[in-house]
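# Observations on chain architecture
Spelled out from the first residue to the last, the chains are:
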Amino acid sequence: MNPRKPHVDWDALFGDDYDYFDLPDLTPELSEKEASSMVALGGFEPGMDLLDAPCGHGRHANVLASRGYRVVGIDRDERFLAMARREAGEMGVQVDYRHVDLREMPFEAEFDAAVSWYSSFGYFDDETDRDILRRYRRALRPGGRFLLDMHSPYRHIPSVLANHEMHVDILRRGTDMAVDIQELDAEASRYYAEKITIRDGKAERARYSVRMFTAPEILEWFRAAGFSHARVMNESGGTFTVSSRRLVVLGTA
């Protein structure tokens, strides 16, 4: 594999090791809090037709459905969709879950709002990601709103400067650990990363890369995708600065 070509080992990243290392931190309380953030930042109102794409294992879609939104959730991962449907049944809510890849979203003016949460955008080459953004725009009715949540491009800069353009995160579960090694390609404005999980003495590796955006750049992308208006903010809805943890974009169709 060319290490400078956008690539994601989807099945390795979101398989059993994801369940073991990551799911324990994605608590129902966190999902409720993040759903509240979506509603506040997007100005969403109950009764709206809302697209959650990608929806993963449904932790936000199910909460939003419980609050009176008509939700369609799409994802490329059948395993996640099965988890989402099972939780929806346990919660007694209705969500229309569909097996759809972001790159093939077919919707045309079907939604009042759309959400991409938890750094789910920027994993393909620029041409593909621009097309995905156009597909979000086409999915919205006139005046519809698209809320995009991403990492701030500045979040690891101090670590990168101190560690020769690399950043390392380590997550421990008892004697097991997940090590995320990220290398910043400043020219491409992209992190190339390898996640190494060590569990029961067995090591597994998965590679991925994700695009980083400055505020002016992502706003230009929204304009080129056909949004009539877009603005950036931080995770609390305030001014986006170099200290912000998240870069949130709200686009209006």
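The structure contained in this document is the topic of the report that follows. Keep in mind the model is a prediction, meaning the values are calculated, not measured.

## Digging into the environment of Asp180
- For Asp180, the location among the structural elements is in strand S7 (residues 176-185).
- Considering only alpha carbons, one finds Asp180 and Phe124, 56 residues apart in sequence, at a separation of 19 Å.
- The contact partners of Asp180, leaving out residues within four places of it in the chain, are His167, Val168, Asp169, Ala193, Glu194, Lys195 and Tyr208.
- There is a polar contact of 2.9 Å between the side chain of Asp180 and the side chain of Tyr208.

## As for the sheet that holds strand S8 (residues 190-199)
- Overall, antiparallel pairing links the four strands, which are arranged S6-S7-S8-S9 in an open sheet. The sheet terminates laterally at strand S6 (166-173) and strand S9 (202-211), the two strands that pair on one side only. Each neighbouring strand pair of the sheet contributes to a mean axis angle of 15°, computed without reference to strand direction.
- Bridging between S6 and S7 involves eight bridges; their strand directions are antiparallel. Across the sheet, His167 pairs through a bridge with Gln182, a residue of S7.

## What to know about the packing of helix H6 (residues 126-139) against helix H8 (residues 215-224)
- Taken N-terminus to C-terminus, the directions of H6 and H8 make an angle of 60°; their axes are 9 Å apart at the nearest point. Between H6 and H8, the interaxial angle falls into the category oblique. For the element pair H6 and H8, the recorded crossing hand is right-handed. Between H6 and H8, the residues in contact are Asp126, Asp129, Arg130 and Leu133 and Glu220, Trp221, Phe222 and Ala224, respectively.
- Classifying every residue of the contact of H6 with H8 gives four nonpolar, no polar and four charged.

## Description of the pattern of salt bridges
- The tally for this structure, following the rule as stated, stands at 21 salt bridges.
- A salt bridge links Asp131 to Arg134; the nearest nitrogen and oxygen atoms lie 3.5 Å apart. Taken together, the positions of Asp131 and Arg134, both in helix H6 and three residues apart, correspond to about one turn of that helix.
- Two residues, Glu194 and Arg207, come together in a salt bridge whose shortest N-O distance is 3.7 Å. Of the two residues, Glu194 is situated in strand S8 and Arg207 in strand S9; the sequence distance between them amounts to 13 residues.
- On the basis of relative accessibility, which here comes to 39%, the residue Arg207 falls in the partly exposed class.
- Put simply, Asp49, Arg70, Asp112 and Arg141 are held in one network by salt bridges that share partners.

## Digging into the packing of helix H3 (residues 28-42) against helix H4 (residues 59-66)
- Viewed as axis vectors pointing N to C, H3 and H4 meet at an angle of 70°, and their least axial separation amounts to 9 Å. One element, H3, and the other, H4, form an angle in the roughly perpendicular class. Pair H3 / H4 crosses with right-handed handedness. Two secondary-structure elements touch here, H3 through Leu30, Ser31, Glu32, Glu34, Ala35, Met38 and Val39 and H4 through Arg59, His60, Val63 and Leu64.

Cut-offs and rules
- Residues numbered from 1 in each chain as written.
- Predicted model: local features only at pLDDT ≥ 70, side-chain atom pairs only at ≥ 80, totals over all residues.
- Heavy atoms only, no water.
- Helix = DSSP H or I, 4+ residues; strand = E, 2+ residues; numbered from the N terminus.
- Contact = heavy atoms within 4.5 Å.
- Polar contact = N/O pair within 3.5 Å; in protein donor to acceptor, adjacent residues only side chain to side chain.
- Pairing = 2+ DSSP bridges.
- Axes fitted to C-alpha atoms, helices over the stretch in contact; angles between N-to-C directions.
- Parallel < 35°, antiparallel > 145°, perpendicular 65-115°, else oblique.
- Left-handed = near helix turned anticlockwise from the far one by under 90°.
- Nonpolar A, V, L, I, M, F, W, Y, C, P; charged D, E, K, R; others polar.
- Salt bridge = Lys/Arg side-chain N within 4 Å of Asp/Glu carboxyl O.
- Buried < 20%, exposed > 50% of the residue type's maximum accessible area, 1.4 Å probe, protein only.

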